[in-house]
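Read off the chains here:
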Amino acid sequence: MIREVITYPNPKLRTVSKDVVAFNDELHTLLDDMYDTMIAKNGIGLAAIQVAVPLNVLIINLSREDESKEVVQVKEDLIEFINPTIIEQEGVCTFQEGCLSVPNFYEDVERAKIIKIRYFDRAGNEHIATYDGLMSIALQHEIDHLQGRLFIEKLSYLKRKKFEKEWKKIVKEEKAKK
Ligand code: CO
């Protein structure tokens, strides 16, 4: 079931989420709904707080190229991260980010290049994994959501000013559509 995605400046997005303690049907329904919501909104990642649930749950489903070089998003690539913690990080890189909670705005953000994380899957099994590239970036973006932070807060003063200007325009345009 598709849930509503809350957007900036909704104060709920500032909530620090809590760890999942029960790996039960309720969690599985949340994960399934998050997947439906992310796909419906053309996202590659989603944190539970974006559907107003303050739990340390996030999902990522990157796109890939199929045999005919077409970019596709396949459910096989979906990874569910529950109670994720970054245990090591290395290097620096910059990537243009966007967010379903800050629609239609994209900007370069600096983050660690490689991260090692500990997390649990929906059955409650613990995993440790190391990620590089877009997966590392997406994870850091979503983990920030769990800590009540948005990517726009990582922008420099000037870029933040640019965001505020553009955001007013985006909101105006959205209102005009309705
Ligand atoms: Co986001």
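Residues numbered from 1 in each chain as written. Predicted model: local features only at pLDDT ≥ 70, side-chain atom pairs only at ≥ 80, totals over all residues. Heavy atoms only, no water.

A. Structural context of the side chain of His141. Relative to the assigned elements, His141 resides in helix α2 (residues 133–146). In this structure His141 comes out as buried when scored by relative accessible area, which is 6%. Residues in contact with His141, not counting those within four places in the same chain, are Glu97, Gly98, Cys99, Arg111 and Phe151. (Helix = DSSP H or I, 4+ residues; strand = E, 2+ residues; numbered from the N terminus. Buried < 20%, exposed > 50% of the residue type's maximum accessible area, 1.4 Å probe, protein only. Contact = heavy atoms within 4.5 Å.)

B. The nonpolar core, seen in detail. Counting residues in each nonpolar core, the largest one holds 17 residues, and the members touching the most others are Leu58, Ile60, Phe81, Ile117, Tyr131, Met135 and Leu139. Those elements giving two or more residues to this core turn out to be β2 (57–60), β8 (114–120), β9 (126–131) and α2. Broken down by element, the residue count for this core peaks at five residues, all from α2. Ignoring anything within four residues of it in the chain, the contact list for Leu58 reads Met34, Leu46, Ala47, Ile79, Glu80, Phe81, Pro84, Leu139, Glu142, Ile143 and Leu146. Counting residues in hydrophobic clusters, the runner-up holds 15 residues, among them Leu27, Val53, Ile59 and Ile82. (Core = buried A, V, L, I, M, F, W, Y, C linked by side-chain atoms within 4.5 Å.)

C. Region of interest: the pairing of β2. Side chains Val57 and Ile59 of β2 all project onto a buried face; the interleaved residues Leu58 and Ile60 project onto the opposite face, where all are buried too. Pairing of strand β1 (residues 45–47) with β2 involves three bridges; the strand directions are antiparallel. Among the inter-strand pairings, Ala47 is bridged to a residue of β2, identified as Leu58. With four bridges connecting them, β2 and strand β5 (residues 79–90) associate as antiparallel partners. Opposite Val57, over in β5, you have Ile82 as the bridge partner. (Pairing = 2+ DSSP bridges.)

D. Seen up close, the environment of Cys93. By the secondary structure assignment, Cys93 is in strand β6 (residues 93–99). It is 5.3 Å that separates the C-alpha atoms of Cys93 and Lys113, two residues lying 20 residues apart in sequence. Setting aside chain neighbours within four positions, we find Cys93 in contact with Val109, Glu110, Arg111, Ala112, Lys113 and Ile137.

E. Up close: the coordination of the cobalt ion. Surrounding the cobalt ion are the protein donor atoms Cys99 (SG), His141 (NE2) and His145 (NE2), which sit 2.1 to 2.2 Å from the metal. Read N to C, the donor residues that coordinate the cobalt ion are spaced as C-x41-H-x3-H. Taken together, the positions of Cys99 in strand β6 and His141 in helix α2 put the pair 42 residues apart, joining distant regions of the chain. His141 matches Cys99 in its accessibility class, with the two residues each being buried. (Donors = N, O, S within 2.8 Å, 3.2 Å for Na, K, Ca; no water.)

F. Spatial organisation of unusual backbone geometry. Put simply, Tyr8 and Pro9 share a cis peptide bond, and its omega is 5 degrees. One non-glycine residue, Ala52, adopts positive backbone phi at about 70 degrees. When you line up the elements, Ala52 lands in the loop between β1 and β2. Located in the positive-phi region is Asn83, a residue other than glycine, with phi close to 50 degrees. The residue Asn83 is located in strand β5 in this model.

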